[in-house]
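Below, each chain spelled out in residue letters.
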Amino acid sequence: MSTDPLDVATVRKDFPILGREVRGHRLVYLDSANTSQKPQAVLDAITTYYERSNANVHRGTYLIAEEATAALEGARAKVARFIGADRARQVVFTKNATEALNLVAKAWGRAHLREGDPVVITELEHHANIVPWHQLRAEVGIELRWIPVGPDGHLDLTDLDRLLDGAKVLSFAAMSNVLGTLTPVERLVAAARRVGALAVIDASQYVPHMATDVAAWGADLVAFTGHKMCGPTGIGVLWGTEEVLDATPPFLSGGEMILNVTKEGFTANELPWKFEAGTPPIAEAVGLGAAVDYLSGLGMEAIREHEVALTGYALRTLADRFGDEVVVHGPSEPAERGGVLSFSVGDIHPHDLTQVFDERGVCVRAGHHCAKPLMKVLGASATARASLYVYNDTDDVDALAEAIAAASDFFAP
Amino acid sequence: MPGLEDLYREIILDHYRSPRNRGELEVPPATRTEGFNPLCGDEVVVYVQMDGDQLDEIRIAGQGCSISQSSASMMSAAVKGRTRAEIEELTRAFKAMMSIHESTLEGGEEVEVEAPTADLGDLAALQGVVKFPVRIKCATLSWNTLAEALGGDRDDRAEAE
C-alpha cells in the first residue's frame, strides 16, 4: 500500500508499547475497538500534568491550581473543536461512554419518560446502550423497540416508520463494535426529528476513526469514550445540545456540581459542571486533550483512508487465502464499514483461536463483544474480532493470516 | 513458558471432537440447568436424572470452546452412576486442581493445596489449564452448573476471577 495516506512506520514509533515483545514475537495489536494503544505524546501530557501542575480544579487560589483548571478546561475546548461542537459547555466529561449513556437513560429518561413511552434502539447496540434502557423499563415501564439488522450487516430500516411511531427516544450506534457497520446517522436523526423523539448516538467506535461533526449530525446527545481514541482510560464524553442538557437533571451529585447547598436543598451548577460531581478525572482529560491533538495531527481524513485501504486488504487476504473457511461478518464493502472484522474459522471456537493467536503475539478479542443480542442475530455465541487503527499495517494483517493458518492446522480434525 | 500442548492435550481434543453424553433428557423427570461464561458467551446446559441418591443419567447441551466442552464431556463420564457424596468429592478434587493457580496468583507463591482424594482419571488432563488463568473458568463452567443442578451452591470464587 504505497498510497497509504499515513506513514505507519513513523506512527508506530509514537507508540512505545509496540516496541515490546510478547512470547518471543513482536506485539501484533489488533484489538483497538476494545481499547487503543497510547502515543508518547499522551503519556507525556499526563506525566507533565502530574509533575508540574497537579492540584484540584475550580477551587484553588494559587498558581498550580489555576494551571490545573486551565488544563482541564483547555482539554474540554480541544474535544469540543475535535467533534465540531459549538461551545465547550456542551461537552460533559464522564468516566466512559457507558456512564454517558447511563446518564442519558437515567437522568434524562427518568425525568421525561413515562409508562408505555417507546424507546427505539437497534440490534447492533453494545450492552451499554441496551442495559440502561432495560433498567428503565423495569423502573418506569418504557416500551423497548428494536431496529433489526439484516443479513448484510446493515440496519434493516423497512419498518422504521412503524417502529418510530410515537417514539420518545431513538438511541443507536454510529458504528457497530462487532460488525464495523456504519449506520445512516443523518437519516436516523432526521427520522427521530420527524416524530419528536430524542436522538441519541453512541459514537464510541466512530469518533476515534472518522472526522466527526456533531453539529452536522443534528442529534441531541452523543456519547463516546477516550480510551478507544488514543486517550487514557477513565474519561468519556457526553456531548449534548444546551437545550437538552439544561432539561436534564443532574445524574450523580455531590461537590463540583452545585452552585449552592442549604439545609433545605441545592442549586445545580451550570453546564457542563452540573453533570460532573466530585473531583473530575483531570489528568485523564489532559490525556484526552493530547490524544485529540495527536489524531488531528495525523488528520482524521487520512486515518479513515488508511483504515478503508487496510480493511480492504484484510478482507482480500482472508478471502484469497482461506476461502469459505473464514467467514467475516458484516458489510463486505470497506467504504461501508469501519476496520472491525468479526470472523469465524471453520468450527474452531473463537476462544481456542485466540489462544493460538496469543502464542504468536497476536492480540484479538474473542467473545460476544458486549453485544449478545447481535450475536444471536448472527447465530453465533461468540466470534473472534480483529480491529484496526492508525498503527496497524499490512504486516499485522499478514501476521493475523499466519495465526489463522496455525490455528486451523492445530485444530484440524 | 507453557505451550499450547500443555493446554490442548490429545485426550482433551478427543473429548472436544467426540463429546460423551451429548444431548438432552426429558424434563421432568430430569432437571435442566444452564450455566454461562460471561467472558466468552459460552453456554452449557446440564440435564440430570437422579435415582434416589444416585446420578442415573446426565446429558450435556450448549456450546463452547474446546476446554469447556471437553471438561463437560469428561465430567459427564466421571459422574454417571455416582452418588451425590462421590460427585461432591470429585468436584472438590477437580476444583482443587483448578484453584492451584488462583492461590499462587493471590499469594505470589506456590500454595500447598489439599491433595485430592478422588481419582480424577481423564480429568487430570485438564491440569494444564491452570497455567492459562483465563481458561480456568472454561474448565469449571460445567462443574459449577452441575453443582447448581444438584442443589449445591455455585463456587463463586471460580466465577469471580
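Structural data are supplied above this passage.
The structure presented is a predicted model; accordingly, all values stated were derived computationally and were not measured.

Regarding its fold elements, chain B presents 6 helices and 3 strands. Its helices and strands in sequence order give chain B the pattern α-α-β-β-β-α-α-α-α, from N to C terminus. Scored against the burial criterion, the 161 residues of chain B give a buried share of 48%. Carbon together with sulfur atoms contributes 47% to the accessible area of chain B, which is approximately 7400 Å² in total.

The subject of this paragraph is the packing of helix α2 (residues 10-17) of chain B against helix α3 (residues 66-79) of chain B. Residue and element names in this part refer to chain B. Their axes nearest at 8 Å, the elements α2 and α3 cross at an angle of 85°. When the axis of α2 is compared with that of α3, the two are roughly perpendicular. On the side of α2, the interface is formed by Ile 11, Ile 12, His 15 and Tyr 16, while α3 contributes Ser 66, Ile 67, Gln 69, Ser 70, Ser 73 and Met 74. A breakdown of the residues in the contact of α2 with α3 according to their chemical character gives 5 nonpolar, 5 polar and no charged.

All names here are of chain A. Here we have 7 strands laid out as an open sheet, ordered β4-β10-β9-β8-β7-β5-β6, and mixed in their pairing. Only two strands of the sheet have a single neighbouring strand rather than two, namely β4 (91-94) and β6 (143-147). On average, adjacent strands in this sheet sit at an angle of 20° to one another, irrespective of strand direction. Of the strands in this sheet, β5 (118-122), β6 and β7 (169-173) touch helix α5 (residues 131-140), which is tilted by about 150° from β6.

Okay, unusual backbone geometry next. Cis peptide bonds are those with omega within 30 degrees of zero, and the linkage from Leu271(A) to Pro272(A) qualifies with -5°. Summarising the element assignment, Pro272(A) is placed in the loop between β12 (266-268) and α10 (282-298). Of the consecutive residues Val27(B) and Pro28(B), the connecting peptide bond is found in the cis state with omega at -20°. In this fold, Pro28(B) is placed in the loop between α2 and β1 (31-37). One non-glycine residue with positive phi stands out, namely Cys230(A), at about 75°. Tracing the sequence through the fold places Cys230(A) in the loop between β9 (221-225) and β10 (236-240). Judged by relative accessible area, which is 0%, Cys230(A) ranks as buried. Of note in this structure, Cys370(A) is not a glycine but carries a positive phi near 55°. As for its position among the elements, Cys370(A) is in the loop between β16 (365-367) and α13 (372-378).

Residue and element names in this part refer to chain A. If you walk through the whole model with that rule in mind, you get 24 salt bridges over all chains. In this structure, Asp 396 and Arg 12 form a salt bridge, with 3.4 Å as the shortest nitrogen-oxygen distance. Here the residue Asp 396 occupies a position in helix α14 (residues 394-410), and Arg 12 occupies one in helix α1 (residues 8-13), the gap between them amounting to 384 residues. Like Arg 12, Asp 396 is buried. Residue Glu 256 is joined to Arg 59 by a salt bridge in which the shortest nitrogen-to-oxygen separation is 2.7 Å. With Glu 256 in the loop between α9 (242-246) and β11 (258-261) and Arg 59 in the loop between α2 (40-53) and α3 (63-82), the pair connects residues that are 197 residues apart, well separated along the chain. Accessibility expressed as a relative area gives 12% for Glu 256, which makes it buried.

Listed per partner, the contact involves 18 residues of chain A and 23 residues of chain B. Here chain A packs against chain B, burying approximately 1600 Å² in sum over the two surfaces, 56% of which is carbon and sulfur. For the chain A face of the interface with chain B, the top three residues by lost area are His351(A), Gln355(A) and Phe410(A), together amounting to 34%. Two residues, Asp352(A) and Arg135(B), come together in a salt bridge whose shortest N-O distance is 3.0 Å. Here chain A is connected to chain B by 9 residue pairs in polar contact (both at pLDDT 80 or more). Counting only elements with at least two residues in the side of chain A that touches chain B, the list comes to α12 (350-359) and β16 of chain A.

Attention shifts here to the environment of Ala147(B). Residue placement: Ala147(B) occurs in helix α5 (residues 136-149). Since its relative accessible area comes to 18%, Ala147(B) is described here as buried.

Moving on, we get to the pairing of β4(A). Residues and elements named next belong to chain A. Both faces of β4 are covered, namely the face carrying Val 91 and Phe 93 and the face carrying Val 92 and Thr 94. The sheet contact formed by β4 and β10 spans 4 bridges and is antiparallel. When the bridges of β10 are listed, Thr 94 appears paired with Gly 236.

Turning our attention to the sheet that holds strand β3 (residues 54-63) of chain B. All names here are of chain B. In space, the 3 strands of this open sheet follow the order β1-β2-β3, with antiparallel pairing throughout. Each edge of the open sheet carries a strand with a single partner, namely β1 and β3. If you compare each strand with its neighbour and ignore which way they point, the axes differ by 20° on average. Pairing analysis gives 9 bridges linking strand β2 (residues 42-51) to β3, with the strands arranged antiparallel. Each bridged residue has a counterpart across the sheet, and for Val 45 the counterpart in β3 is Ala 61. Across the sheet, α3 touches β2 and β3, and the angle it forms with β3 is around 170°. Those strands touched by α5 are β1, β2 and β3, and its axis lies near 150° from that of β1.

What counts and how
Residues numbered from 1 in each chain as written. Chains lettered and ligands numbered in written order. Predicted model: local features only at pLDDT ≥ 70, side-chain atom pairs only at ≥ 80, totals over all residues. Heavy atoms only, no water. Helix = DSSP H or I, 4+ residues; strand = E, 2+ residues; numbered from the N terminus. Buried < 20%, exposed > 50% of the residue type's maximum accessible area, 1.4 Å probe, protein only. Areas by Shrake-Rupley, 256 points an atom, 1.4 Å probe, with all protein chains shown as cover. Axes fitted to C-alpha atoms, helices over the stretch in contact; angles between N-to-C directions. Parallel < 35°, antiparallel > 145°, perpendicular 65-115°, else oblique. Contact = heavy atoms within 4.5 Å. Nonpolar A, V, L, I, M, F, W, Y, C, P; charged D, E, K, R; others polar. Pairing = 2+ DSSP bridges. Salt bridge = Lys/Arg side-chain N within 4 Å of Asp/Glu carboxyl O. Buried area = accessible area lost by both parts, 1.4 Å probe. Polar contact = N/O pair within 3.5 Å; in protein donor to acceptor, adjacent residues only side chain to side chain.

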